[in-house]
Amino acid sequence: MLPFKLVYSDDYYLPIGAHVFPAEKYRRIHDRLLETGVAETSDFVTPQPASDQDVLLVHTREYVHKLKTGTLSAREELELEVPYSPELVEAFWMAAGGSILAADYALQNRVAINIGGGFHHAFPDHGEGFCMIHDVAVAIRRMQQDGKIARAMTVDCDVHQGNGTAVIFAGARIPAGPLSSTSASTVSPAAPANPRRAYAGDVFTISLHQENNYPPWKPPSSIDVDLPDDIGDDDYLGWLDNALSSGLRQFDPELICYIAGADPYREDQLGGLSLTIEGLKRRDQLVFRVAHARDIPVMVTFAGGYAQRVEDTVTIHCNTVIAAKEVFS
């Protein structure tokens, strides 16, 4: 039995037909965890869909109305990059409910994992990049509304910058400079990145992502690390360590929301970084060890993953659960 809960629903499946997004990955992760003995049936909890009022904590009333009534414009549907349907709306509301439940369990058990979610390209008034609504932002605002937390930090390790996250929790940008924890001993001079920093109020946002990738416009997070193409495990981990150290010196979160994208993988179809499967597990371990050492609860969502072999994406996501088990057991 795991010392934390896994949040999952068969209704996470996205009805989008043939698509680069592997809609079946959620079920495959669930099944793999059980088949390999990493988790037991009792480790899983089933969420309820987020309420419209939950979603309205982040998204505009006009946009939510369009989603619920199927009245998006042709341009708005095109920006989603997934085919609209009422069933798709239900799947995204369920994912948001899963992130709310995972945040709640994380506050109780120090860690919880939503086997889904991480839709970080959704803006208050529109969706983008396979993301209809921003489940992580909804979970944070719900926890704040319920008085369970006042301050949260997002740590986004998807290969694509969390532009929706940055806009939802926007702060005033300040001049960029090297992360204060950067040193030659942890970051190779051969793999320079471009860190950018901004202040972000009650939610501090960190994003490590490939600079030359979607989205073309990257609004400022509290800390952005714009990584060069083909960066590998050690350099990536050095920048992640620096970003976490710098962020946690500036901000004292009561909850970390870790967006554990599988797409920094070197064989990802939509990524251009060069992390190995083992390197991605080390990434997860680093985030969990930092949270554990500081006694900060951490809620995990899985976000993107588009490996040429779907089984590789499933392995990467399952390894996140294994890493949490190793650190928190």
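Residues numbered from 1 in each chain as written. Predicted model: local features only at pLDDT ≥ 70, side-chain atom pairs only at ≥ 80, totals over all residues. Heavy atoms only, no water.

What follows deals with the packing of helix H9 (residues 277-293) against helix H10 (residues 310-328). In contact at an axis separation of 9 Å, H9 and H10 are set at 35 degrees when each is read in the N-to-C sense. Between H9 and H10 lies a crossing of right-handed hand. Residues Ile-277, Leu-280, Lys-281, Asp-284, Gln-285, Phe-288, Arg-289 and His-292 of H9 form the contact with H10, whose participating residues are Asp-312, Thr-315, Ile-316, Asn-319, Thr-320, Ile-322, Ala-323, Ala-324, Glu-326, Val-327 and Phe-328. (Axes fitted to C-alpha atoms, helices over the stretch in contact; angles between N-to-C directions. Helix = DSSP H or I, 4+ residues; strand = E, 2+ residues; numbered from the N terminus. Left-handed = near helix turned anticlockwise from the far one by under 90°. Contact = heavy atoms within 4.5 Å.)

A word on the environment of Asp-229. Mapped onto the fold, Asp-229 is located in the loop between strand E7 (223-227) and helix H8 (233-250). Taking the C-alpha atoms as reference, Asp-229 lies 7.0 Å from Asn-212; in sequence the two are 17 residues apart. Setting aside residues no more than four positions away along its own chain, Asp-229 makes contact with Gln-210, Asn-212 and Gly-272. Polar side-chain contacts of Asp-229 include one of 2.9 Å to the side chain of Gln-210. (Polar contact = N/O pair within 3.5 Å; in protein donor to acceptor, adjacent residues only side chain to side chain.)

In this section: the packing of aromatic side chains. The description of two aromatic rings rests on the distance between their centres and on the angle between their planes. Summed over the entire model, instances satisfying the criterion amount to 11 aromatic pairs. Ring geometry for Tyr-12 against Tyr-26: centres 6.0 Å apart, planes inclined by 80 degrees, an arrangement best described as edge-to-face. With Tyr-12 in the loop between strand E1 (5-7) and helix H1 (25-35) and Tyr-26 in helix H1, this pair connects stretches of sequence that are 14 residues apart. Centroid distance Tyr-258 to Phe-288: 6.0 Å. Interplanar angle 90 degrees. Geometry classified as edge-to-face. A residue pair is termed long-range when its members are at least 10 positions apart, and Tyr-258 in strand E8 (residues 255-259) and Phe-288 in helix H9 qualify at 30 residues. Residue Tyr-258 shares its accessibility class with Phe-288, and that shared class is buried. Three or more aromatic residues link up through ring pairs in this structure, and these residues are Tyr-8, Tyr-12, Phe-21, Tyr-26, Phe-44, Phe-130 and Tyr-306. (Phe/Tyr/Trp six-rings, centres within 6.5 Å; stacked < 30°, edge-to-face > 60°. Buried < 20%, exposed > 50% of the residue type's maximum accessible area, 1.4 Å probe, protein only.)

Before going further, it helps to spend a moment on the pattern of salt bridges. The tally for this structure, following the rule as stated, stands at 18 salt bridges. In this structure, Glu-311 and Arg-32 form a salt bridge, with 2.7 Å as the shortest nitrogen-oxygen distance. Taken as a pair, Glu-311 in helix H10 and Arg-32 in helix H1 lie far apart in primary sequence, 279 residues in all. Between Arg-142 and Asp-54 there is a salt bridge, with its nearest N and O atoms 3.1 Å apart. (Salt bridge = Lys/Arg side-chain N within 4 Å of Asp/Glu carboxyl O.)

Another aspect to go through is the confidence of the model for the protein chain. Mean pLDDT for the protein chain: 92, with 91% of residues reaching 70 or above. For the stretch residues 172-176, pLDDT sits under 50, and the model shows 11 contacts to residues farther than four places along the chain or on other chains. Taken together, the stretch residues 180-190 has pLDDT below 50 and engages in 18 contacts with residues farther than four places along the chain or on a different chain. (pLDDT = per-residue confidence, 0-100.)

This paragraph deals with H9. Compared with an ideal rise of 1.5 Å per residue, which puts 17 residues at 24 Å, H9 spans 24 Å between its outermost C-alpha atoms and is within 8% of the ideal. The inward-facing, buried residues of H9 contact strand E3 (111-114), H8, E8, strand E9 (298-301) and H10. Positive phi shows up at Asp-295, right after H9, with a value of about 55 degrees. (Expected span 1.5 Å × (residues − 1).)

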